[in-house]
Amino acid sequence: MTQTATPHLVSHHQWQEEATFQDVLAEQFRRAPYLIASIFFHAVIAFALAGIMLLKSNENETPVINMAAVPPPPIVEEDLPPPEDQAIITEPTEPTLVTSDPVEDDPDDSLEDIGDPDQNADSPFDNTSFNNAVGIGGPPGGNDGRPGGPGRPKGGSPTEAAVFAGLEWLRDHQSPDGMWDCDDFMFNDKFDDKPTCDGGGDATNDVGVTGLALLAFLGHGNTTATGTFRDQVAGGVNWLREAQDLNSGLIGEEVGNPTLYNHAIASMALGEAYVMGKSPMLKRYLQRSIKLILNSQNPYQAWRYGLEPTGDNDSSITGWTVFALKTADDAKIPVPKGAYQGAKEWFDTMTDKGTGRTGYAWGNGGGPGGPPSRVKIYL
């Protein structure tokens, strides 16, 4: 019996077949439309979600409005007046002697014997302050605290009238060049119908006496430009300026012991005139004179007659030099504190602690609490 050969049954699976590149490529092209459609669908959904989120964020944010700054107004140049509290600086001018007729007294201006019961007089001599002397600091006179009064004609109390009369006498005996002449003042008398003055003094004191006369006018409130006696003040100040040696600063000449007295009193007068009148040109003269005073002080001590320190001191001249330094302080001219300290230590040394009396100098019975140096004259 012939057996027919039965072929082997071979199972066929697709995954068991080796795919060729063409088969894979054909498969990808077959599936491409579905892939593209899926990508497009997801892109549409993503754009929709992004739009919704953007709209919600815009609804929550506050809009910011940027505005440009308003341009400043154009600058208009115009002439503005200077502020009231700002001094107008002008070229300093020399004080000139202005001729004017004396102020006549008011016939209705009566003087009562009761004085000034309300203490309202503004003359430095009617002020009740303990410190009403010109040049020693604080309010040197006048109820308003300024140096002197207003320089008005006589009136008010009998004391004020007497002061004004004294100033009139000084006015009537001032030399034409502005000084007060110690030995020849009687030749400047303005009144021929009255007895001629006598009692001439020492010409070596002309500088100091001129300074004292100026201090009297300044203490009454007169300056080089204001007051009843402004002409007399201007003339006296001009004379002191011309009398100063511009190299050494000394006002006047060396005349022995009176030299530093004269200089200190004249310096004080220039200082008061500068402080009260605010004349800038006086400052340099005052600076020179104060420099000489400082250079003549004994180191860590006080002053004596000489312009050069000698180690000798006395209370009289020291008092006048301190007055002059104080006026410089008032004029904003720097004064070393050591100058005052030396003077203070001298006065402390010469003052008797029991009596409070300050002696003049050492020697000849002097010392702390010693007698004055004036020579006794028996008439």
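Everything numeric here is computed off the predicted structure, so don't read it as measured data.

Attention now moves to the overall build of the chain. Within the chain, the regular secondary structure consists of eight helices and zero strands. In sequence order, the chain lays out its α and β elements as α-α-α-α-α-α-α-α. Split into buried and exposed, the 379 residues of the chain put 34% on the buried side. Across the chain, every contact between residues at least 6 apart in sequence was considered, and the portion connecting residues at least 24 apart equals 58%. Accessible area of the chain: about 25,300 Å², with a carbon and sulfur share of 58%.

Of all hydrophobic cores here, the largest spans 52 residues; its most connected members are L214, L240 and W303. When contributions to this core are tallied by element, the ones reaching two or more residues are α2 (158-172), α3 (206-219), α4 (230-243), α5 (258-277), α6 (281-295), α7 (315-330) and α8 (337-350). Examining the composition of this core, we find that eleven residues originate from one element, α5, more than from any other. Those residues within four positions of L240 in sequence are excluded, and the remaining contacts are V207, T210, L214, I251, A266, A269 and L270.

Turning to its location among the elements, N222 is positioned in the loop between α3 and α4. In this structure the side chain of N222 is engaged in a polar contact, spanning 3.0 Å, whose partner is the backbone oxygen of F217. A distance of 2.8 Å separates a polar side-chain atom of N222 from the backbone nitrogen of F229.

Right, let's talk about α2 for a bit. Here α2 spans 21 Å end to end across 15 residues, near enough to the 21 Å set by a 1.5 Å rise per residue. Along α2, the residues classified as buried are E160, A161, V163, F164, L167, E168, L170, R171 and D172. In this structure, the buried residues of α2 make contact with α3 and α4.

Counting all residues, the mean pLDDT for the chain is 75, and 66% of those residues have values of 70 or more. Across residues 6-11 the pLDDT falls below 50, and counting only partners more than four positions away or on other chains, this stretch makes one contact in the model. Note on residues 76-146: pLDDT is under 50 here. Beyond four places in sequence and across chains, it has 98 contacts.

Here the focus is the packing of aromatic side chains. Applying the stated criterion across every chain yields a total of six aromatic pairs. With 5.2 Å between their ring centres and 50 degrees between their planes, F164 and F229 make a pair best called tilted. Of this pair, F164 sits in helix α2 while F229 sits in the loop between α3 and α4, and the two are 65 residues apart along the sequence. Accessibility expressed as a relative area gives 1% for F164, which makes it buried. Judged by its relative accessible area of 0%, F229 falls in the buried class. A network of ring pairs unites the aromatic residues F164, W180, F217 and F229 as a single cluster. Positioned above the aromatic ring of Y285, the side-chain terminus of R288 is 5.3 Å from the ring centre.

Here we come to the pattern of salt bridges. Per the stated rule, a full pass over the model turns up five salt bridges. Close ionic contact of D312 with R304 constitutes a salt bridge, the shortest N to O distance being 3.1 Å. One salt bridge connects D348 with K344, and the closest N-O pair in it is separated by 3.0 Å. You can see D348 and its partner K344 sitting in helix α8, four residues apart, about one turn around the helix. Here D348 falls in the partly exposed class, since its relative accessible area comes to 40%. Bridged by salt links that share partners, the residues R304, D312 and D314 form one connected network.

What counts, and at which threshold
Residues numbered from 1 in each chain as written. Predicted model: local features only at pLDDT ≥ 70, side-chain atom pairs only at ≥ 80, totals over all residues. Heavy atoms only, no water. Helix = DSSP H or I, 4+ residues; strand = E, 2+ residues; numbered from the N terminus. Buried < 20%, exposed > 50% of the residue type's maximum accessible area, 1.4 Å probe, protein only. Contact = heavy atoms within 4.5 Å. Areas by Shrake-Rupley, 256 points an atom, 1.4 Å probe, with all protein chains shown as cover. Core = buried A, V, L, I, M, F, W, Y, C linked by side-chain atoms within 4.5 Å. Polar contact = N/O pair within 3.5 Å; in protein donor to acceptor, adjacent residues only side chain to side chain. Expected span 1.5 Å × (residues − 1). pLDDT = per-residue confidence, 0-100. Phe/Tyr/Trp six-rings, centres within 6.5 Å; stacked < 30°, edge-to-face > 60°. Lys NZ or Arg CZ within 6 Å of the ring centre and 35° of its normal. Salt bridge = Lys/Arg side-chain N within 4 Å of Asp/Glu carboxyl O.

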